[in-house]
Amino acid sequence: MPDTSPARADAVLSRLQLLVTRKLDGLLQGDYLGLLPGPGTEAGESREYRPGDDVRRMDWPVTARTTVPHVRRTVADRELETWLAVDLSASLDFGTGRWLKRELVIAAAAAIAHLTVRGGNRIGAVIGTGPHRDGRTASPATPPGVLRLPARPGRKEAQGLLRTIAGTPTRPGRTDLGLLVDALNRPPRRRGMAVVISDFLAPPAQWGRPVRKLGVRHEVLAVEVVDPRELELPDVGVLPVVDPETGELHEVQTADPRLRRRYAEAAAAQRAAIAHELRAAGAAHLRLRTDSDWLLDMVRFVAAQRHARTRGTTR
């Protein structure tokens, strides 16, 4: 289990802060007030409808006058509220690349927080701390096993939020991702950003509907963290594998090419099902790997989102 002491959490966050402020700001040119532009409420100019546009923004008077479907752009509100749903299930305590998946979750949260608060916007979070076993009664808005941090503006508040995320201990078992996402739907909030950070290894049937519900009112971004060993097995002979959620030990004979092929096929099918469910929910999808430059991947994603919005499509 990773060290989640305050000293260790502060050290990790200090390192991430340097990466984010020096590299992310240097690579992202222009006025990026958030990872994705806010939906806004102030009406802007109209343009022709393109596949992928939100039909709720149809400009019916212009459409009727020109006989060509038009949508009305909106100007982002001055203050955008962003909420994070951070999954800290035991399966995140794993990594064979440059980072643990848990560290990548914290890194993604740090980057999103930085991009949010530098524009004077507010950021809050709900944290999935694993199965609830202590018998306490949670409020209807905060399901068991979920920690809620209120949305506040300011860098100092954002740093406090990130320290809480980094210092949250992992419990054996898996967070109910559906309940965690649904915590962002209660209580109802004004339109804003909702970011779900997880490895999404829970069955899509568990979390798909809550994500779709979230997308009805908010701009949704799903950040999927992946380790390369979850996609394919290396040929290293007998490999002992421990399930971090159950503690069960298995020995896998990776020299068998048929086993490696079946594993890769099953992993590809699993990731395709995750991507399909996120597309069906209308969520933007960013995949970060523990063996790659996650900051560069994030910059490319933001640039692609801006380019897609310029063309009139968003996902």
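Computed from a predicted structure; not experimentally measured.

The rules behind each value
Residues numbered from 1 in each chain as written. Predicted model: local features only at pLDDT ≥ 70, side-chain atom pairs only at ≥ 80, totals over all residues. Heavy atoms only, no water. Core = buried A, V, L, I, M, F, W, Y, C linked by side-chain atoms within 4.5 Å. Buried < 20%, exposed > 50% of the residue type's maximum accessible area, 1.4 Å probe, protein only. Helix = DSSP H or I, 4+ residues; strand = E, 2+ residues; numbered from the N terminus. Contact = heavy atoms within 4.5 Å. Salt bridge = Lys/Arg side-chain N within 4 Å of Asp/Glu carboxyl O. Pairing = 2+ DSSP bridges. Expected span 1.5 Å × (residues − 1). Arc of directions from axis to C-beta. Axes fitted to C-alpha atoms, helices over the stretch in contact; angles between N-to-C directions.

Novice: Help me understand the nonpolar core in this model?
Specialist: Soluble, globular proteins show a tendency: their nonpolar side chains are buried together. Among the nonpolar cores identified, the biggest contains 43 residues, and Leu-84, Ile-165, Val-223 and Trp-294 are the most heavily contacted of them. It is helix H3 (residues 101-117) that contributes the most residues to this core, 11 residues altogether. In this view, Val-223 contacts Ala-108, Ile-112, Val-195, Val-196, Ile-197, Ser-198, Phe-200, Leu-286 and Leu-288; residues no more than four positions away in its chain are not counted. By size, the runner-up hydrophobic cluster in this structure holds 23 residues, among which are Trp-83, Ala-85, Ala-183 and Phe-200.

Novice: Help me understand the environment of Thr-66, please; the structure alone is not making it clear to me.
Specialist: On the secondary structure map, Thr-66 appears in helix H2 (residues 60-66). Thr-66 sits in the partly exposed class, given a relative accessible area of 32%. For the pair Thr-66 and Glu-48, spaced 18 residues apart in sequence, the C-alpha to C-alpha distance is 10.0 Å.

Novice: Could you clarify how one ought to interpret the pattern of salt bridges in this entry?
Specialist: Where charged atoms from two side chains of opposite charge come close, those side chains can pair. Applying the stated criterion across every chain, the model contains 15 salt bridges. Across the salt bridge formed by Glu-81 and Arg-122, the nearest N and O atoms sit 2.9 Å from each other. Of this pair, Glu-81 sits in strand E3 (residues 81-87) while Arg-122 sits in strand E4 (residues 122-128), and the two are 41 residues apart along the sequence. With relative accessibility at 11%, the residue Glu-81 sits in the buried group. Classification of Arg-122 by relative accessible area gives partly exposed; the value is 24%. With its nearest N and O atoms 3.7 Å apart, the salt bridge here joins Asp-87 to Arg-174. Of the two residues, Asp-87 is situated in strand E3 and Arg-174 in the loop between helix H4 (155-167) and helix H5 (177-182); the sequence distance between them amounts to 87 residues.

Novice: Quick question: what am I supposed to make of the pairing of E3 here?
Specialist: In the case of a regular strand, side chains alternate between the two sheet surfaces. Of all 7 residues in E3, 7 are buried; the element is thus mostly enclosed. Because side chains alternate across E3, one face comprises the buried residues Glu-81, Trp-83, Ala-85 and Asp-87, and the other comprises Thr-82, Leu-84 and Val-86, equally buried. Pairing between E3 and E4: 7 bridges, direction parallel. Looking across to E4, one finds that Ala-85 is bridged to Val-126. The sheet contact formed by E3 and strand E6 (residues 193-198) spans 5 bridges and is parallel. Counted as the bridge partner of Ala-85 is Val-196 from E6.

Novice: Just to check I follow, could you spell out H4 for this structure?
Specialist: Each turn of an α-helix holds 3.6 residues, which means side chains three or four residues apart point in the same direction. In a regular helix each residue adds 1.5 Å, so 13 residues correspond to 18 Å; H4 covers 18 Å between its end C-alpha atoms and thus fits that length. Listed in full, the buried residues belonging to H4 are Ala-158, Leu-161, Leu-162, Ile-165 and Ala-166. For H4, the arc enclosing every buried residue in end-on projection is 135 degrees, short of the 170-degree limit, so these residues lie on one face.

Novice: What is the right way to look at helix H6 (residues 204-217) in this model?
Specialist: Over its 14 residues, H6 extends 20 Å from the first C-alpha to the last, a length consistent with the 20 Å expected when each residue adds 1.5 Å. Looking only at H6, the buried set comprises Trp-207, Gly-208, Pro-210, Val-211 and Leu-214. On its buried face, H6 sits against H5, E6, strand E7 (219-226) and helix H7 (257-280).

Novice: Could you clarify how one ought to interpret the sheet that holds strand E10 (residues 284-289) in this entry?
Specialist: Whenever strands of a sheet pair, they do so through backbone hydrogen bonds, lying parallel or antiparallel. Overall, mixed pairing links the 6 strands, which are arranged E5-E4-E3-E6-E7-E10 in an open sheet. Each of the sheet's edge strands pairs with one partner strand only, and the pair in question is strand E5 (146-153) and E10. Averaged over all pairs of adjacent strands, the angle between their axes in this sheet comes to 15 degrees, without regard to strand direction. Bridge count for E6 against E7 is 6 bridges, and the pairing is parallel. Within the sheet, the bridge partner assigned to Met-193 lies in E7 and is Glu-219.

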